[in-house]
Amino acid sequence: MSLPLLSVASEAFPLIKTGGLADVVGALPQALAEQGVAVRTLIPAYPAVLAEAARVGAAESPLTPGLEAQAGPGRLLAFTSHGRDFIALDLPQFFNREGAPYLTPEGRDWPDNPLRFAALSRAAAEIGLHGIEGWKPAVVHAHDWQAGLTPAYLHYAGQPRPGTVITIHNIAFAGKCALSLRERMHLPPEALLPEGVEFYGSLSLLKGGIAFADRVTTVSPTYAAEICTPEGGMGFDGILRARGAAVSGILNGIDTEAWDPRTDAALAAKFDPLNLIKRGANKAELQARFGLPRSPDTLVYGVVSRLSWQKGLDLLLQVLPELMASGAQLAVLGNGDRPLEDGFRAAMQAHPGQISCVIGYNEPLAHLVQAGVDALLVPSRFEPCGLTQLYALRYGAVPVVGRVGGLADTIIDANPMALAAGAATGLQFSPITAEGLAAALRRTAILYANRTAWKQMQVNGLATDVSWREPARHYAALYRSLAAA
Ligand code: ADP
Ligand code: GLC
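This one's a predicted model, so the numbers in the text were calculated from it and none came from an experiment. (Residues numbered from 1 in each chain as written. Chains lettered and ligands numbered in written order. Predicted model: local features only at pLDDT ≥ 70, side-chain atom pairs only at ≥ 80, totals over all residues. Heavy atoms only, no water.)

### Considering the packing of helix H1 (residues 20–33) against helix H19 (residues 469–484)
Link 1 in the chain: At a minimum axis distance of 9 Å, the contact between H1 and H19 shows a crossing angle of 75°. Overall, the two elements H1 and H19 adopt an arrangement that is roughly perpendicular. Mapping the contact onto sequence places Leu 28, Ala 31 and Leu 32 in H1 and Ala 472, Tyr 475, Ala 476 and Tyr 479 in H19. (Axes fitted to C-alpha atoms, helices over the stretch in contact; angles between N-to-C directions. Helix = DSSP H or I, 4+ residues; strand = E, 2+ residues; numbered from the N terminus. Parallel < 35°, antiparallel > 145°, perpendicular 65-115°, else oblique. Contact = heavy atoms within 4.5 Å.)

### Points about the site of ligand 2
Link 1 in the chain: Residues in contact with ligand 2 amount to 14 residues; listed here are only the nearest, His 169, Asn 252, Glu 383, Cys 385 and Gly 386.
Link 2 in the chain: Note that an oxygen atom of ligand 2 is positioned 3.0 Å from one of the backbone N or O atoms of Cys 385.
Link 3 in the chain: Within the complex, 93% of the 310 Å² of free accessible area of ligand 2 lies under protein.
Link 4 in the chain: Among the elements that line the shell around ligand 2, the one with the most residues is H1, at 3 residues.
Link 5 in the chain: Across the shell around ligand 2, the residue classes break down as 6 nonpolar, 6 polar and 2 charged. (Near = heavy atom within 4 Å. Polar contact = N/O pair within 3.5 Å; in protein donor to acceptor, adjacent residues only side chain to side chain. Areas by Shrake-Rupley, 256 points an atom, 1.4 Å probe, with all protein chains shown as cover. Nonpolar A, V, L, I, M, F, W, Y, C, P; charged D, E, K, R; others polar.)

### Remarks on the sheet that holds strand S6 (residues 139–143)
Link 1 in the chain: Overall, mixed pairing links the 9 strands, which are arranged S3-S4-S5-S2-S1-S6-S7-S11-S12 in an open sheet. Two strands bound the open sheet, and with one partner strand each, they are strand S3 (59–62) and strand S12 (247–249). Geometrically, the sheet is characterised by an average inter-axis angle of 25° between neighbouring strands, direction not taken into account.
Link 2 in the chain: Packing against the sheet, helix H2 (residues 47–56) makes contact with strand S2 (37–44), strand S4 (75–81) and strand S5 (84–90), and its axis sits at approximately 65° to S4.
Link 3 in the chain: Contacts between helix H7 (residues 205–212) and the sheet are confined to strand S7 (163–168) and strand S11 (215–218), with S7 contributing the most and set at about 130° to the helix. (Pairing = 2+ DSSP bridges.)

### Describing the site of ligand 1
Link 1 in the chain: If you check the shell around ligand 1, you find 21 residues, and the closest are Lys 17, Gly 20, Asp 23, Arg 306 and Gly 360.
Link 2 in the chain: Note that an oxygen atom of ligand 1 is positioned 2.6 Å from one of the side-chain N or O atoms of Asp 23.
Link 3 in the chain: Here an oxygen atom of ligand 1 sits 2.8 Å away from a polar atom, N or O, in the main chain of Leu 387.
Link 4 in the chain: Coverage of ligand 1 by the protein chains reaches 93% of its 560 Å² of free accessible surface.

### What to know about the sheet that holds strand S18 (residues 427–429)
Link 1 in the chain: Strands sit in the order S15-S14-S13-S16-S17-S18 across an open sheet of 6 strands; the sheet is parallel. Of all strands in the sheet, those with a lone pairing partner are strand S15 (355–359) and S18, marking the two edges. Strand after strand, the sheet turns through a mean of 20° between neighbouring axes, direction not considered.
Link 2 in the chain: Both strand S13 (residues 300–307) and strand S16 (residues 375–378) contribute to a ladder of 2 bridges, which runs parallel.

### A word on the layout of surface pockets
A water-sized probe rolled over the atoms picks out the places where empty space is left.
Link 1 in the chain: Counted as a void, the second largest pocket has a volume near 440 Å³.
Link 2 in the chain: Lining the second largest pocket are 17 residues, with Leu 276, Ile 277, Gly 280, Asp 374 and Arg 451 sitting closest to its centre.
Link 3 in the chain: A total of 5 residues in the lining of the second largest pocket trace back to one element, the largest contributor, which is helix H10 (residues 279–289).
Link 4 in the chain: Residues of the lining of the second largest pocket, tallied by class, amount to 6 nonpolar, 4 polar and 7 charged. (1 Å grid on protein atoms, 1.4 Å probe; cavity = no way out; pocket = protein on both sides within 12 Å on 5 of 7 lines; lining within 4 Å. Points joined across faces, edges and corners; volume = space filled by probe spheres on them.)

### Quick notes on the packing of aromatic side chains
Link 1 in the chain: On inspection of all chains with the given rule, the structure shows 14 aromatic pairs.
Link 2 in the chain: Both rings, one in Phe 94 and one in Phe 95, keep their centres 6.2 Å apart while their planes meet at 65°; by these two values the pair is edge-to-face.
Link 3 in the chain: Aromatic pair Phe 95 and Phe 117: ring centres 6.0 Å apart, planes at 50°, arrangement tilted. Remark: Phe 117 occurs in helix H5 (residues 113–130) and Phe 95 occurs in helix H4 (residues 92–95); sequence separation between them is 22 residues. Each member of the pair, Phe 95 together with Phe 117, is buried.
Link 4 in the chain: Pairwise contacts between aromatic rings join Tyr 46, Phe 94, Phe 95, Tyr 102, Phe 117 and Trp 145 into one cluster.
Link 5 in the chain: A cation sits over an aromatic face here: Arg 122 above Tyr 153, 5.9 Å from the ring centre.
Link 6 in the chain: The ring of Tyr 448 has Arg 451 lying over it, and the distance from NZ or CZ to the ring centre is 4.3 Å. (Phe/Tyr/Trp six-rings, centres within 6.5 Å; stacked < 30°, edge-to-face > 60°. Buried < 20%, exposed > 50% of the residue type's maximum accessible area, 1.4 Å probe, protein only. Lys NZ or Arg CZ within 6 Å of the ring centre and 35° of its normal.)

### Details of the domain arrangement of the protein chain
Link 1 in the chain: For the protein chain, the domain assignment lists domain 1 (3–253 + 469–484) and domain 2 (273–463).
Link 2 in the chain: For domain 1 and domain 2, the distance between their C-alpha centres works out to 33 Å.
Link 3 in the chain: Residue-level contacts link 19 residues of domain 1 with 16 residues of domain 2.
Link 4 in the chain: Of the roughly 1300 Å² buried where domain 1 meets domain 2, counting both sides, 60% is carbon and sulfur surface.
Link 5 in the chain: Scanning the region where domain 1 abuts domain 2 turns up 1 salt bridge.
Link 6 in the chain: One salt bridge connects Lys 17 with Glu 363, and the closest N-O pair in it is separated by 3.3 Å.
Link 7 in the chain: Run the count over domain 1 and domain 2 and you get 8 residue pairs in polar contact (both at pLDDT 80 or more).
Link 8 in the chain: Broken down by secondary-structure element, the contributors of at least two residues to the side of domain 1 that touches domain 2 are H1 and helix H8 (221–226).
Link 9 in the chain: Looking at the side of domain 1 that touches domain 2 element by element, the count peaks at 4 residues for H8. (Domains from an automatic or database assignment. Buried area = accessible area lost by both parts, 1.4 Å probe. Salt bridge = Lys/Arg side-chain N within 4 Å of Asp/Glu carboxyl O.)

### Considering the nonpolar core
Link 1 in the chain: Of all hydrophobic cores here, the largest spans 91 residues; its most connected members are Leu 32, Tyr 301, Leu 316, Leu 323, Leu 330 and Tyr 479.
Link 2 in the chain: Dropping the residues within four chain positions of it, Tyr 479 is found in contact with Leu 3, Leu 5, Leu 28, Leu 32, Val 37, Val 139, His 141 and Val 165.
Link 3 in the chain: Within the second largest apolar cluster, 73 residues are counted, among which are Ala 9, Tyr 46, Leu 89 and Leu 154. (Core = buried A, V, L, I, M, F, W, Y, C linked by side-chain atoms within 4.5 Å.)

Structural data, given as structure tokens:
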């Protein structure tokens with residue numbers, strides 16, 4: 001019999017996406033269906049989600065009186081879109097806002113974000129306890145801080161409840177707010193004890209998940225180990241160590257249908273591992289789109305990323321003089337922190353025809369970059385999993401990555417033994433400093449000049465299983481153990 005599961009998150013591709021979280025929440029249900037897990041995904045009814053619900057037609061259910069008392073009038077909308085079953089939490093006062101889901105038009109966090117996402121978590125807990133349309137989940141799976149209070153609400157309800165899992169996609173976002181918001185979140189006074197959701201004098205939504213979920217997962221085994229250390233735990237390492245074996249890492253996969261170079265409509269030329277030569281047309285198109293001189297033999301580096309401290313792209317800015325001297329080209333697609341956006345714009349002006357950037361968010365262009373560049377740079381300081389290096393493997397771009405988190409777990413470094421064994425899929429570097437990155441770029445240029453070794457890495461990447469199949473098996477086994485308990 002299939003296991004009913006409620007997944008709860010603040011974004012899900014293709015309805016609403018700001019980063020990898022949406023990719024994971026959107027793709028995992030399909031893979032879980034093959035493992036006998038029937039997923040419904042609870043997300044906020046942002047305008048784009050309301051529009052999709054109206055387009056496909058949705059069944060409406062009332063909110064519980066408790067949730068309305070906490071969050072105001074609203075409703076639940078159940079609908080199926082792109083083969084996935086969604087439940088949208090329609091709380092107009094919280095979610096009917098245009099633009100990016102978390103930010104004001106001026107680019108600042110909405111001040112009421114903690115209340116908005118406490119309401120999302122409360123809705124998940126209510127569905128966990130009372131069901132919807134006669135359907136009740138055996139397990140509730142919460143993602144990141146926005147859904148973090150779900151296990152806490154279920155715990156404090158003090159009733160028979162479904163099993164709970166929280167997945168940490170990024171521990172840097174603790175979802176912190178003032179302790180005084182506790183009452184408006186309808187959490188009991190004891191929630192403010194250290195064993196509750198208190199976190200260094202604040203209330204942390206993520207802590208609700210870490211403290212109360214039956215199991216805590218993160219998106220790679222190495223990141224699972226890193227967050228248990230003072231360096232990587234961002235204040236949560238103590239409680240994570242205390243949770244012991246309840247904490248584990250399950251590597252992300254990717255949606256191999258949305259990301260398939262044999263069928264991808266965003267490419268200038270579709271290709272498969274047997275006709276890699278066709279990538280050349282994508283490289284030419286990429287150079288044209290970025291305004292770089294068409295040059296089939298020039299090593300082209302690409303970046304597809306949020307521009308933030310996490311991603312280490314300030315290190316790339318530091319090593320640009322050496323990179324430019326080597327004659328390579330660089331195409332950057334990204335947006336985020338203003339100083340980094342400005343830094344890449346300035347670099348483009350200083351090195352026209354060699355560096356080009358598109359500052360913004362562009363899903364089809366992200367596909368073309370993966371299909372057209374020779375090497376994809378991911379110099380992250382920390383990276384829970386990272387998806388862009390997985391897309392690179394699937395699209396024949398050689399990933400050059402910092403040796404941290406999921407990057408360490410997914411790329412086989414081109415060290416002499418891996419090269420001799422014909423096993424390398426990319427390059428890893430450490431320490432993650434400007435000098436470490438510069439050394440990696442020198443190593444990349446040498447490997448690129450060795451066309452046999454380079455092609456072997458591309459072929460190995462294309463042969464790597466980056467699908468959700470294996471990760472979904474791990475999640476399904478985890479859910480079953482909780483449902484049985
Ligand atoms: P994170 O979630 O930390 O941003 P991931 O590597 O897990 O990092 O996922 C990032 C996702 O966002 C990928 O799907 C990537 O292609 C996409 N992405 C990031 N920046 C852009 C952009 N400027 N335009 C299009 N897609 C982007
Ligand atoms: C986060 C992490 C990223 C991960 C993604 C999906 O945004 O920064 O490393 O791949 O979540 O799990």
